[in-house]
Every structure is written in C-alpha cells, then in structure tokens.
Amino acid sequence: MAEATESSSSQTLTLKRAGRLRAERLIAERQRLKQTLTLKIVKRESDESSSSQTAEEEFKKLNVKEGEDSNKSSRKDGEKSKKLSKKEEEEATRIEVRTVDDVTLVDVHGENFSDVVQVDSVSSHLLGQILSYFAEQTRLAGEEDDLKKYEEEFVAALSLDEMKEMIITAHRLRMRKLVLLLSRSIANGIRNKTVEFVREFFGVVNDYTPDEEEAYRKENDWVFENIEEN
Amino acid sequence: MKRVDRILNHDILIEILSRVPAKELMSLKRVCKEWHRVISSHSLVKAQLGRTKLVLTGFIFQAKFIWCNEDIKTVNYIYVVEETTKGVSKVSQNVFDFLPEDVVVLASCRGLVCCRSCFPFGKPFIYVCNPSNREWVKLEWPWSVSHYDRSMALALAFDFDPSKGFVERFKLVRLRVEEVQVEMDEEGEGEEEEEEEEGELCFTFDLYSSEKGSWRKSNETCQSYCKLVNNEGLYIGGVLHWLNGGRVLTFDVENELSLLIPAPVPVSEFMAVPEFCIGESEGRLHYVVVSEQGVHVWCLEDYYEYNWTIVFCKSLEEIEGTWPQFFMNLKNHVLERVNGPWVNPLAFKDGVLLMNVCVNLYLFDIKNNKMVQACTNQDLKSQSMVNPIVFAHSLSLVPFSAAEKGAFVSHGLN
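Here the structure is a predicted model, which means the values were calculated and not measured.

## Brief notes about the packing of aromatic side chains
Summed over all chains, the structure comprises 24 aromatic pairs over all chains. Judged by centre distance (5.8 Å) and plane angle (75 degrees), the rings of B:Tyr127 and B:Trp136 are edge-to-face. Grouping residues by exposure puts B:Tyr127 and B:Trp136 together as buried. Taken together, the ring pairs in this structure connect B:Trp141, B:Trp143, B:Phe170, B:Tyr208 and B:Trp215 into an aromatic cluster. Sitting over the ring of A:Phe197, A:Lys193 keeps its end group 5.7 Å from the ring centre. A cation sits over an aromatic face here: B:Lys138 above B:Phe125, 4.1 Å from the ring centre.

## As for the nonpolar core
Counting residues in hydrophobic clusters, the biggest one holds 118 residues, and the most contacted among them are A:Leu178, B:Phe96 and B:Trp242. Both of domain 1 (1-52) and domain 2 (53-182 + 199-410) of chain B provide at least three residues apiece to this core. With 21 residues, the next largest nonpolar core counts B:Cys277, B:Leu353, B:Met355 and B:Tyr362 among its residues.

## Structural notes on the UniProt feature "domain: SKP1 component dimerisation" (unreviewed entry) in chain A
In this numbering, the UniProt entry assigns the feature "domain: SKP1 component dimerisation" (unreviewed entry) to residues 178-222 of chain A. Counting secondary structure, residues 178-222 of chain A comes out at 67% helix and 0% strand; the distance between its end C-alpha atoms is 36 Å.

## Comments concerning the sheet that holds strand E12 (residues 229-236) of chain B
Sheet strands pair via backbone hydrogen bonds, and the direction of the pair is either parallel or antiparallel. All names here are of chain B. Read from one edge of the open sheet, 4 strands run E12-E13-E14-E15, paired in antiparallel fashion. The sheet terminates laterally at E12 and strand E15 (257-261), the two strands that pair on one side only. Averaged over all neighbouring strand pairs, the angle between strand axes comes to 20 degrees, with direction disregarded.

## Remarks on the interface of chain B and chain A
Frequently, the measure chosen for interface size is the accessible area that the parts lose on association. Each partner contributes residues to the interface: chain B has 45 residues there, and chain A has 46 residues. Both sides of the chain B and chain A interface together cover about 4400 Å² of buried area, and 57% of this is carbon and sulfur. Our count for the chain B to chain A interface comes out at 6 salt bridges. For the salt bridge of A:Glu212 with B:Lys33, the shortest nitrogen-to-oxygen distance reads 3.8 Å. The tally of links between chain B and chain A comes to 9 residue pairs in polar contact (both at pLDDT 80 or more). Sorting the residues of the side of chain B that touches chain A by element identifies helix H1 (10-17), helix H2 (22-28), helix H3 (33-40), strand E2 (76-79) and strand E3 (90-92) of chain B as the ones contributing at least two each.

## Here we look at H1(B)
Within H1(B), 6 of the 8 residues are buried, which leaves the element mostly enclosed by the surrounding structure. Listed as buried for H1(B) are B:Ile12, B:Leu13, B:Ile14, B:Glu15, B:Ile16 and B:Leu17. Tucked inside the fold, the buried residues of H1(B) contact helix H8 (160-172), helix H9 (176-189) and helix H10 (195-202) of chain A together with H2, H3 and helix H4 (42-51) of chain B.

The rules behind the values
- Residues numbered from 1 in each chain as written.
- Chains lettered and ligands numbered in written order.
- Predicted model: local features only at pLDDT ≥ 70, side-chain atom pairs only at ≥ 80, totals over all residues.
- Heavy atoms only, no water.
- Phe/Tyr/Trp six-rings, centres within 6.5 Å; stacked < 30°, edge-to-face > 60°.
- Buried < 20%, exposed > 50% of the residue type's maximum accessible area, 1.4 Å probe, protein only.
- Lys NZ or Arg CZ within 6 Å of the ring centre and 35° of its normal.
- Core = buried A, V, L, I, M, F, W, Y, C linked by side-chain atoms within 4.5 Å.
- Domains from an automatic or database assignment.
- UniProt positions renumbered as here; feature names shortened; annotations may be inferred.
- Helix = DSSP H or I, 4+ residues; strand = E, 2+ residues; numbered from the N terminus.
- Pairing = 2+ DSSP bridges.
- Axes fitted to C-alpha atoms, helices over the stretch in contact; angles between N-to-C directions.
- Contact = heavy atoms within 4.5 Å.
- Buried area = accessible area lost by both parts, 1.4 Å probe.
- Salt bridge = Lys/Arg side-chain N within 4 Å of Asp/Glu carboxyl O.
- Polar contact = N/O pair within 3.5 Å; in protein donor to acceptor, adjacent residues only side chain to side chain.

Right, here's the structure in full:
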C-alpha cells in the first residue's frame, strides 16, 4: 500500500522518467483506488447499518490515502489528472443520512480532509445543493405553494452548467423529482440559444456537412427566427 | 466554462428535449444527426405532445379571387415572433413546397393543415399534411370535378392523443348549402315566396373519417339564411365553427349536431358595415368585431343560450392614441369605407389578432396591449387583398402513422 501511495504521488515524475507501460500501470492502480470511492446506494429494505458501515470503512481507508496524496497531487498539472485535480481543491463535506424515495444515502462522517469526497466525481458543492434541496422537500412536504416557491428560487440560483451537472448526478441517484425540475429548467434555458451554443453545452459534435445543414435550414426557413447569440 | 467530460445520458436528453416547444425543437434538429433522429422519433414526439402546450406559431394567408374561378397559388406564412416586442415577423412563401403540387389551404388544426389542389385541375386531390416534418397524406377527391363548387367549405377536425404520438385519425367535414326538400305543412301560408320547389336552403355536412377511409353524408342539416360561408372552419372543443354572414354555424363532429348562433351584436347596430372574424383563445370561441366603435372581442360562454361575453373593447381613438406611429384618422376611414374595409380583422388566436389596416398587416396582442407591424400587403405577393383565407397555425410535431386507411403517407426528403 505504501508503495502504491508513493508511486502514485510521484506520478508526474514517473511519466517523464519511466517507460510508458509503467506509467499506465500506476495510473490504472490509481483509478482502481478511485473506484472504491463510489457512494453506495442502498435500498431501503436492506440492512442499513451494516452496509453503511462497510462504505464508511472504505471511505475512511481511502480518505486516508487521499489525504496523504493531496499535497503532492495538487501540484500536478498533467492531463491525466484532470478528473482528480478538478476536485482536489475542494473541501470534504459531511453527508448525512437521508431517506429519499427509495434511496438511502450512506452516512459518511468525514474527518477534516483537505480534499474532496469524490462521489462519482461529483463536487461536494453540488452534493450539498442536492441535499439542501431534499432537506427543504421534506421540510415543506405538503405545503404546495411554499414548495413551488422554493423550487423556483432553487433553479433561479443555478447556472445552466450547474443544472447540467446536477441533473446527471440526480439521474444517477434516481432522484425523479429533481430530474423533472431540472429538465424543465434546462429546457427553458436552451430555448432561445443558437444551435452552436447547444452543441457546445451538450458536448455534441456536429456531423452534418455544411451543405446538408444549409439545405435543412432553407427548407425550414419559415420557422427559424433570428435567435440571439448567447 | 468547465467542459463536461461525460456525455449526457440518453434518458436525460429525452427528459429535457420533451419539454422544449415544437418550434425550438425544429431548429435543434440541426445539432447533429443523432439529435435529428431522436427528435423525429415517435417516442420523443409522444412525450413532447404530452408535456408541452401548442403555441401560436404563425398565420397562413392565401388570397382569393372573388369573381375569377382560378386559384391564387401563393401561400404565405406570417411567422409570429413570440415576444411581440421584438417587432419584425417574417413572411415566407415556401412552407408548402414539399407537397407535389400547388395547393389552396382549406383548414388548419393543431399543427396539421388540410389543402386541396388548385383549380383549374385535372385530377384533384385533398392533402392533409404537417409542415413541420413535411409529411402528408393524399386523399382522392370524392366529388364531381365538372360541377366544382368553389364556395364549398372543408374543415379539419383533429384531436391528438399524446399517448399515441402520431396522427391516428382525423375527420374532414364538407359544408355545403343545398336545397333540401322539406316536408312543409300544407297550411297554404305564403311560404311560397321562394321561387320554385318547397325546398329550403340548408347546410349539409359530409364527413370523412380517416379511420374508415370513406365519406358519408350526415343526416344533420341546418337551415341557412345566408349562403356566404367563410371557409375557415375552426375546430374547438370537438365542435367546428364557421362564420356565416354574421352568425356562427357550429357542428359537433362526434354527435353530428349543428347550431346556428347569432352574432353578439346585430349588424344593424353599426353605422358602417362592421368586419368580423372568429378565433380560438383559451379553448373557447371568440368573435372579433371591428367597427367605427372600435375593436370588440366577445367570447362564447354558452352554446345553447347564445351567451356572449365581451372580453375586450378598445375604441379606434384609443388605438390611434396608443400607436400614432401606425394609425391615423382611423374612425373616419372606417366610416367612409371607400375601397373595402379600412380595418379588416383577418384571424384571431390566443389573444393575438391579425388585422389588415390600409396597406399593412398588424399583430395586435390584446392581452398585453401590444401592437406590431407584421408586414405590408406587398410582402404577401398576392394579387388580391379582398377576402383572403387566413388561418392561425400552431406548430406541432405530430407525424402520420405508417398505416392510414384509404390514403398513402409520403415523407419529404429530410
């Protein structure tokens, strides 16, 4: 284990010095370690305590490793570490147990880690937002107007990109209500945007030839208004 | 801006796209081929129909000769910009180019448009199409070609079922004025001012059901006092409506019942001949009257009680005062009526009135009190501005199902 830690921390150096094979092996190991950071989603019926403990233990183990690595890895600027370094500057959060629909989020009591709790590569900030959404949901359950008002304020405070990040996570965590709310908001958000903006936003590559695109545009010219650049 | 490394899940994409209105989805088809495929797919259309409301997209305008039998081929689409403050809308003439021949538009209902071949024709057909996806169905012309009656009115009745997600069935109703033999009580009273037989002028209805793929005559008739029928049948709440003189002729398609509803205000109340049109707003029939007293909009509350409620009224002076850049001396012009009406309401939908004032067309949003110039008469490239046919159109993505009885489906290049 210690070896792994050391090797991964000197990853950048390895990349330069050692052969490509060795570097790849180290990265793969790092990925494997990262995989066990995934938040466990457990069904309501199953034994909460035991499963939460397992996850907790794993988290603890990993967080220890992460803690050691963080200082060194934060200095990395290699492309391969992009996924990791993006998060590594953020702080760990406490995730409390919530019972939402059929999903029980597992309790992770983080100690004071200076780096991120990676939950499927979700930023802790985002997770915090999601959790506060659910906190409000349970608090205001039954009061339709207040709930609606909260939802409106909630989405108004989010940027389009934030909504996009959130919907992916919400979908993965099977949070139906949040997905519906976000899809409505994103649909509204992309309404008056150019096609180019939409492509970039969704990370889609245009596979139409300019001719094809022009032909389609001409045919449907009667319905395309001058959409503002945004 | 952070770039998302993950590709958005297909499910999430459907969730988002199914909440985008039809108009925007059409331009989103250009994003990439995959998106085009997804947006055209029945599953997305089904979801989208259930989750979004139809919004007024534009007005179809086609001029008509009054005396000449020939049809004017140009069909204009006056695109309505959603936020009327943005001003300029657009007029296009190529909307129905995907059809195999020039057509005359007969009806518009929930995105579908019904048209017929232009006269003079060799072999005429009826088309029911959706300009958004360029799909159409062609129907045989069931009536005699030699005795073609130009004043025939044909309306489209189409309800879509979001759970089906495609055009499953629609109905066409042909309206004619015919002399119907009526059994009269032989009391000898002078009903014989009519020329010859004891026939009464009545409206008759022929129905086409796409399900059955055939036409049949309805037993229902309705007495006609005026032959003039504006061929702009509106389908609202299961009932077709036509303007008949000042009255409104209604026909309940399912139950085959007709009613002739009197105008909200009798014509005699006005000094100058008023102009009117009917339209749908908030799922109800509205009646627009333009006279020297101003623009008045009525809403039909009750069909059987002939209960009209006024929902909007603005005098010509007020209109002139609010928009002096567009109008001047309205009242006098309306009273004088030199070469036809000065202000002519053409169509009304969802609170937006398309009206012709002198040489321009304006979109009057009565709910938000906004007036925009839509275009000039010249933009319409039409040879006649008298008595055009105008339909409101709301874009919908409904595709035709592959199997339609008695007709064949054709898809344009896409």
